[in-house]
Amino acid sequence: MAEKPVWEQIGSGFVQHYYQQFDTDRVKLADLYTDASCLTWEGEGFQGKNAIMTKLSSLPFRSIQHIITAQDHQPTPDSCVMSMVMGQLKADEDQVMGFQQVFLLKNIDNKWICTNDMFRLALHNFGA
């Protein structure tokens, strides 16, 4: 079997690391962002490592588990990696919910950093 392209290796490695950290100790996610990073969480925007970590730390659950069902990765013209993730999550005793998340990764000082992060639960309000 042929080796995966480098951008797929980078993207899938980042995704595995991100959700492992998110599920066990969200505070450690700070190392993956910079002061220029942006997060959109359910339509609400945050810029900078401190604002992003304040948001992620304030999420109202004690425990969470992510299950990744699909992920796609692409190289960008400026040597970044774009990753799209679909999966399911279970927080505390809540029902299992679907989610999508997109990351834009950039190599800064030989470390892959998340410059852009967009997250949405897969909830549909058909009555609205």
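Placed above this text is the structure.
A few points on the structure. Each chain has its residues counted from 1, following the order in which its sequence is written. Restriction of local features to residues with pLDDT of at least 70 applies here, the model being predicted, together with a cutoff of 80 or more for giving and counting side-chain atom pairs; totals for whole chains, interfaces and linings are based on all residues. Only hydrogens and water are removed before side-chain values are computed, so all heavy atoms of the structure are retained for them.

**Digging into the nonpolar core**
The following threshold applies: Buried residues of nine kinds, namely Ala, Val, Leu, Ile, Met, Phe, Trp, Tyr and Cys, make up a nonpolar core once their side-chain atoms join them within 4.5 Å. Here's how the labels work: a residue is buried when its accessible area is under 20% of the maximum for its type, exposed when over 50%, partly exposed in between, all with a 1.4 Å probe on protein chains only. By the criteria applied, helices consist of DSSP H or I runs no shorter than four residues and strands consist of E runs no shorter than two, each listed in order from the N terminus. Only heavy atoms enter the contact rule, under which two residues are in contact if any of them lie within 4.5 Å.
By size, the foremost hydrophobic cluster in this structure holds 29 residues, and its most contacted members are Y18, F22, L29, Y33, W41, L56 and F103. Counting only elements with at least two residues in this core, the list comes to α1 (6-24), β1 (38-41), α2 (49-57), β4 (81-91), β5 (97-108) and β6 (111-121). In this structure, Y18 is in contact with L29, L32, Y33, L56, Q101, F103 and D117, ignoring residues within four places of it in sequence.

**Some details on the packing of aromatic side chains**
Here is the rule we go by: The aromatic pairing rule takes the rings of Phe, Tyr and Trp, using the six-membered ring of Trp, and pairs them if the centres are within 6.5 Å, calling planes under 30 degrees apart stacked, those over 60 edge-to-face and the rest tilted.
The final tally for this structure, using the stated rule, is eleven aromatic pairs. Taking the centre distance of 6.0 Å and the plane angle of 25 degrees together, the rings of F14 and Y18 count as stacked. Here F14 pairs with Y18, and both are found in helix α1, just four residues apart, close to one helical turn. Each of the two residues, F14 as well as Y18, counts as buried.

**With respect to the pattern of salt bridges**
Once their charged atoms are close, side chains differing in charge can pair, the charge on each being opposite to the other. Put simply, the test is: Only one rule defines a salt bridge in this text: a Lys or Arg side-chain nitrogen within 4 Å of an Asp or Glu carboxyl oxygen.
This model, assessed by the stated rule, comprises two salt bridges. Between K55 and E44 there is a salt bridge, with the nearest N and O atoms lying 4.0 Å from each other. Of this pair, K55 sits in helix α2 while E44 sits in strand β2 (residues 44-47), and the two are eleven residues apart along the sequence. Given the relative accessible area of 43%, E44 is considered partly exposed. D92 is the partner of R62 in a salt bridge, and the nearest nitrogen-oxygen pair spans 4.0 Å. Here the residue R62 occupies a position in the loop between α2 and β3 (64-75), and D92 occupies one in the loop between β4 and β5, the gap between them amounting to 30 residues. Accessibility expressed as a relative area gives 74% for R62, which makes it exposed. What makes D92 buried here is its relative accessible area of 17%.

**Digging into the side chain of T76**
Operational definition: Polar contacts, as used here, are pairs of N or O atoms within 3.5 Å; protein pairs need one atom able to donate a hydrogen and one able to accept it. Residues neighboring in sequence count only if both atoms are side-chain atoms.
With respect to the secondary-structure elements, T76 resides in the loop between β3 and β4. What makes T76 buried here is its relative accessible area of 18%. For T76, the side chain forms a polar contact with the side chain of D78, separated by 2.5 Å. There is a polar contact of 2.9 Å between the side chain of T76 and the backbone nitrogen of C80. When neighbours within four sequence positions are excluded, T76 is seen to be in contact with V81, M82 and L104.

**Here's the deal with the sheet that holds β3**
Applicable threshold: Each pair of strands is called paired provided DSSP finds at least two bridges between the two strands. Helix axes are fitted to C-alpha atoms over the stretch in contact, other axes to C-alpha atoms as well, and angles between N-to-C directions run from 0 to 180 degrees.
With mixed pairing, six strands are arranged side by side in an open sheet as β2-β1-β6-β5-β4-β3. The sheet is open, and its two borders are formed by β2 and β3, each paired with just one other strand. This sheet shows a mean twist of 20 degrees between the axes of neighbouring strands, independent of strand direction. Inspection of the sheet shows β1 paired to β2 by four bridges, in the antiparallel sense. By the bridge assignment for β2, W41 is matched with E44. Here α1 sits on the sheet in contact with β1, β3, β4, β5 and β6, set at roughly 160 degrees to β3. Docked against the sheet, α2 engages β1 and β2, running at close to 30 degrees with respect to β1.

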